[in-house]
Structures are given as C-alpha cells and as structure tokens.
Amino acid sequence: MGMTVTVQLSRSVPTKVDAVAVPVATEGAVPRSLGLSRAALEKSGFDGSVGQTLVVPSSTGPTQIAVGIGKPGSLSTTVLRNAAAAVVRAIGKRTSIATPLADLAGVDATKAAQAVVEGTLLAAYRFAGIKKEPNTNTLKQVTLVVGEARTNGARIGSDRGQATAAAAYLARDLANTPAGYMAAHHIAEKAVEVGKASGLTVEVFDRDQLAEMGCGGMLGVNAGSTEPPRMVRLTYTPRNPVGHLAMVGKGVMFDSGGLSLKPSDGMLTMKMDMSGAAAVLSSMSTLKALRCKAKVTGYLMCTDNMTGGAATKLGDVLTFRNGKTAEIQNTDAEGRLVLADGLSLAVEDKPDAIVDIATLTGACMVALGTKLAGVIGNDQPFIEKVKAAAAATDERIWQLPLEDAYRKLLESNVADMRNIGGPHGGAITASLFLSEFVGDVPWAHLDIAGPMSVDADDGWLSKGATGFGTRLLIDLALSFKG
Ligand code: BES
Ligand code: MN
Ligand code: ZN
C-alpha cells in the first residue's frame, strides 16, 4: 500500500532520466528535441490527438515519448491529466520520466501541475495484491520540468496533486482489498490510523452502540453476518469554519445480496461495495493538508450483507435512526438501508449540506454506463456545486431527476415504505428512498456503481477499483462555503 513514486521539480531535464515526454499538438511545429518531422510522425500513425503516444528510443540519450495534446489552443486540465497518464502507459520498463507538460502555456501553472501529477500518479498505481511477490508499479520518479516563472505555482500544484493522488491510492487500496481482509472492523481501524495522521477526530461505534442509537438499517443489513458492523464518524474542524458539509459513505464490505442472493458473477466485484465509504475516508484525509476552510463531518456505514441464519427475511420491517420504518422486499437493496441511518445522523449535526456516495444501483449503471456516476438531489444550487467539483476533477457525473411521480412505487401496507420501487427507474426510486432521511437539508446523492471499477488499465484509471469520488469530494469540500 501507499505511494512509491517520487515527484520533483526541475528547470531542466535531469541527466539520468530514462524517458522524456514531448508534447505534440495536432498542428504546428513539432518540438526539435524529438528529432522527427510531422510527416515522419504521421507515417507512424501519430497525429497529436490527446492521449496518443509514440515511443522514440535513442542510443545516446533518454527515450523520447511523443504525447498528443490535441488541437493547438485546446489545452485544459483534462487534456493534461490524460496526456500525463498516456505517457505512463507508454514507459515500458523505464522507471524515471521527465515531463514538460506542466510548463505549457494556456493552463494556470498550479492547476497544470496538479493535473499532470494526478494523471501520472493515478496511471502508475497498481494494487500490491496479496502475493508472495507483490505487484509493484514500474515508475519510480517523475520530474516536472518547469521554467522559472511557473515554478512557484507548479510546486503548489504538484503538492496538491500528490495529496489527491495519495488519497485516491488509499481509496483504491481499500476497495481492492478482499472482503476477508477488509471487514468493517478493519476499515474502522484504518480510519482511526488515517484520522490520527491527518488531524481528524475519529469516533467508532460498534453493534451495541448502533443498537442503542436506533440504527435499525445497519443492524438489519448486518443480521446475517458473523462480522459485526461499524459506524465511523470523522470530523474535520478548521478554525472559523466557513460552512459545514456532511458526507455519508456506503460501506458494504461485501454484498452477497443477503437472502435475495446475487448470482455468483454479480458478486465478483462486491468486495468493492464499500467504495463510497472509502471515498469519504480518503478525501477527508487530505482536508487539513489542503487547508479546507469548511467543517466536514463524515459517516462511514460499514457492514457486510450476508445470508446467515439470523439474516433479515423478506417482509421483515426495520426501524431507522429517524424513526421511519421500511418493509424489506429485497435484501439486495441494502445500501439505502445503511445510508438511511447515516443520513439521519448527518441531519442531526445540522450541516449546511449533505452529500452521500454509494455503489447503490445496477440501474444507474444501465442508465449511464461505467464512465459516469449519477447525481440526484433535492437542491439544485448544491447539485451544481457537486457538478462543478466533478468537472474540475474529471470524475464525470450526470444528473437524474428526483421524480416525485415515482414516490408511490415505494408505498407499503405494513411500514412507512418498502425498500424497492419496482422494475424501472431503479436509480431514481433508490434516491426517493434516501430523500426520506435528509429532512430539508440540501442534499446530493452520488451513485458510483458504474465507475467503481475498470476491467483493464484505461488512461489514469488502473485495473480494479478506481477510487472514483475521492478527488471530487476533496474539490467539493475545498470550495464549500455553506
Ligand atoms: N451494490 C449493489 C449495486 C451494484 C451493482 C454496485 C453492480 C456495483 C456494481 C446494490 O446493493 C444492489 O444490489 N442493488 C440492487 C437493487 C435492487 C435489488 C433494487 C440492484 O441494483 O440490482
Ligand atoms: Mn445489494
Ligand atoms: Zn450493495
């Protein structure tokens, strides 16, 4: 676990470097250092599109890696993050690179360096695994080559990028770790350790405390498990806070579906069903270092969802922290049950807004695919803030409606509501369920079931858990003003 790549700044390309990135646009001059004409590049199929690379080995100096940056004048942090990642995907066995990507005109030096460092480090990530010979990543050192005028800005951006990437590494490590090694008590212990190191107050609540608190959603989901649940409350309190943001994360450590058992293939990635909790913990680990001005309270709702003899049965009724009840008609719709308690608790802290993040529905994945998370909420101005954070971090989201007309799909004869809404509009009905627990606090729900993982390396996403949401939540917290 942890970061194994060092990042440094330099005015010039270090003498002992394995590879140098050479940005090339789709038009205009090709940098001389590459030693190739545009015609020669084009013959090799390289036209400068974003993310394209061409490796040009040299017998005398470092390998040159041409990297496409798209149309002249189209530079953005998105382009830089993608280009930086593409370079890492092209390094082969080379362990050190120098890159001038943060020095290009058109993007502010701080933002450029942050994007380049993020793209580089996120692409370099590999899960160590549980192996006699752990997986290691190839890249060991990256040098940002930046001119004098941009050095100060770039240093700040580089530090920020290293912080956000380290947080995403933490989220990925947590989600990639098998459920047998990452039960509720393990993530709670990790939260204590991370919180201590990053200036957070950490409170851990066990099963008895959750029972005393009336968290019937947590207990109901946990009922079929031999692993006890944990709820973790994290608090970040700056001096003179400018606002108070609450974050609630779904921490289902393994989702078997419960008695509404999933088919085997559907369970394969369900060690990652705690990705929401991982995003909350990892993002909060950066707030002090990044001087967040808002108070942030985080809730990790951690339990697995199993089928033991005491498991919640279909038709059972659970009572949540806020006193509302739900008839369980499908034990696989468990995320909303743990979030119900988490949202109720968050409301009691009287925050200015609540964001929850959860691998909540296959339906959201059907609607938006694997590259976009869904966002649904009750307050458009707050949703716009979440969208701005998503745009700034390239963690893409798309809004779905909190459609009142579907509310009656949740009606139950025996309880205040039932926990499923029927065959259609599953991401929306899940959100309508959650909305019963937020009172009138501005709230946005992020459904990250789709972008939770990738099957193969893809730009700055590395095979396995993506850490989606970590950088979005950091950005949201840093810009939050109540
Ligand atoms: N954790 C799953 C959702 C999920 C599916 C996340 C695939 C990531 C990838 C969630 O608990 C679930 O099982 N949802 C059900 C809800 C249904 C029973 C109403 C679903 O989407 O099928
Ligand atoms: Mn489920
Ligand atoms: Zn789940």
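All values derive from a computational prediction rather than experimental measurement. (Residues numbered from 1 in each chain as written. Chains lettered and ligands numbered in written order. Predicted model: local features only at pLDDT ≥ 70, side-chain atom pairs only at ≥ 80, totals over all residues. Heavy atoms only, no water.)

### Some remarks on the site of ligand 1
Surveying the vicinity of ligand 1 reveals 18 residues, the closest of which are Lys262, Asp273, Asp332, Glu334 and Gly362. Measuring from an oxygen atom of ligand 1, one finds a side-chain N or O atom of aspartate 255 at 2.9 Å. In the environment of ligand 1, a nitrogen atom lies 2.8 Å from a nitrogen or oxygen atom belonging to the side chain of aspartate 273. Coverage of ligand 1 by the protein amounts to 79% of the 520 Å² it exposes when considered alone. When atom positions are compared with the pocket grids, ligand 1 is found to occupy the largest pocket. At the level of secondary structure, the elements contributing two or more residues to the shell around ligand 1 comprise strand 9 (244-255) and helix 11 (362-368). (Near = heavy atom within 4 Å. Polar contact = N/O pair within 3.5 Å; in protein donor to acceptor, adjacent residues only side chain to side chain. Areas by Shrake-Rupley, 256 points an atom, 1.4 Å probe, with all protein chains shown as cover. 1 Å grid on protein atoms, 1.4 Å probe; cavity = no way out; pocket = protein on both sides within 12 Å on 5 of 7 lines; lining within 4 Å. Sits in = over half its atoms within 2 Å of the grid points. Helix = DSSP H or I, 4+ residues; strand = E, 2+ residues; numbered from the N terminus.)

### Brief notes about the side chain of serine 435
Mapped onto the fold, serine 435 is located in helix 13 (residues 426-435). Within the local environment of serine 435, its side chain forms a polar contact with the side chain of arginine 407, the two groups lying 3.4 Å apart. Not counting residues up to four positions away in its chain, the partners in contact with serine 435 are Leu402, Arg407 and Trp443. (Contact = heavy atoms within 4.5 Å.)

### A look at the pairing of strand 8 (residues 230-236)
Taking burial as the measure, the seven residues of strand 8 include six buried ones, the bulk of the element. By the bridge criterion, five bridges tie strand 7 (residues 201-205) to strand 8 in an arrangement that is antiparallel. The partner of phenylalanine 205 across the bridge, within strand 8, is methionine 231. (Buried < 20%, exposed > 50% of the residue type's maximum accessible area, 1.4 Å probe, protein only. Pairing = 2+ DSSP bridges.)

### Quick look at the pattern of salt bridges
Under the definition given, this model contains 19 salt bridges. Here arginine 81 and glutamate 118 are joined by a salt bridge, their closest N and O atoms 2.9 Å apart. Placement of arginine 81 in helix 2 (residues 77-89) and of glutamate 118 in helix 3 (residues 109-124) is noted, with a sequence separation of 37 residues between them. Classification of arginine 81 as buried rests on a relative accessible area of 3%. Among the ionic pairs, arginine 150 bridges to aspartate 103, the shortest N-O distance being 3.7 Å. Taken together, the residues span a long stretch of sequence, with arginine 150 in helix 4 (residues 148-176) and aspartate 103 in the loop between strand 5 (96-99) and helix 3 at a distance of 47 residues. (Salt bridge = Lys/Arg side-chain N within 4 Å of Asp/Glu carboxyl O.)

### Looking at the sheet that holds strand 12 (residues 325-327)
With mixed pairing, three strands are arranged side by side in an open sheet as 11-12-16. If you trace the sheet from one side to the other, it starts and ends with strand 11 (317-319) and strand 16 (417-418), each paired once. Relative to strand 12, strand 11 is paired through three bridges, and the arrangement is antiparallel. Bridge pairing in strand 12 links valine 317 to glutamate 327.

### Some words on the coordination of the manganese ion (ligand 2)
Coordination of the manganese ion (ligand 2) by the protein involves Asp255 (OD), Asp332 (O), Asp332 (OD) and Glu334 (OE), with metal-donor separations of 2.1 to 2.2 Å. Here the manganese ion (ligand 2) is ringed by six donor atoms whose angles at the metal span 71 to 167°, and the overall shape comes out irregular. When the donor residues of the manganese ion (ligand 2) are listed from N- to C-terminus, their spacing reads D-x76-D-x1-E. Distance-wise, the zinc ion (ligand 3) is placed 3.2 Å from the manganese ion (ligand 2), both being coordinated by aspartate 255. One end of the pair, aspartate 255, is in strand 9; the other, aspartate 332, is in the loop between strand 12 and helix 10 (335-348), with 77 residues separating them in the sequence. A residue is classified by how much of its surface remains accessible, and aspartate 332, at 23% relative accessible area, is partly exposed. (Donors = N, O, S within 2.8 Å, 3.2 Å for Na, K, Ca; no water. Tetrahedral: all angles 85-135°; square planar, octahedral: opposite > 155°, others 65-115°.)

### Points about the coordination of the zinc ion (ligand 3)
The protein atoms donating to the zinc ion (ligand 3) are Lys250 (NZ), Asp255 (OD), Asp273 (OD) and Glu334 (OE), with metal-donor distances spanning 2.0 to 2.4 Å. Taken together, the six donor atoms coordinating the zinc ion (ligand 3) and their angles of 77 to 171° define a geometry best described as octahedral.

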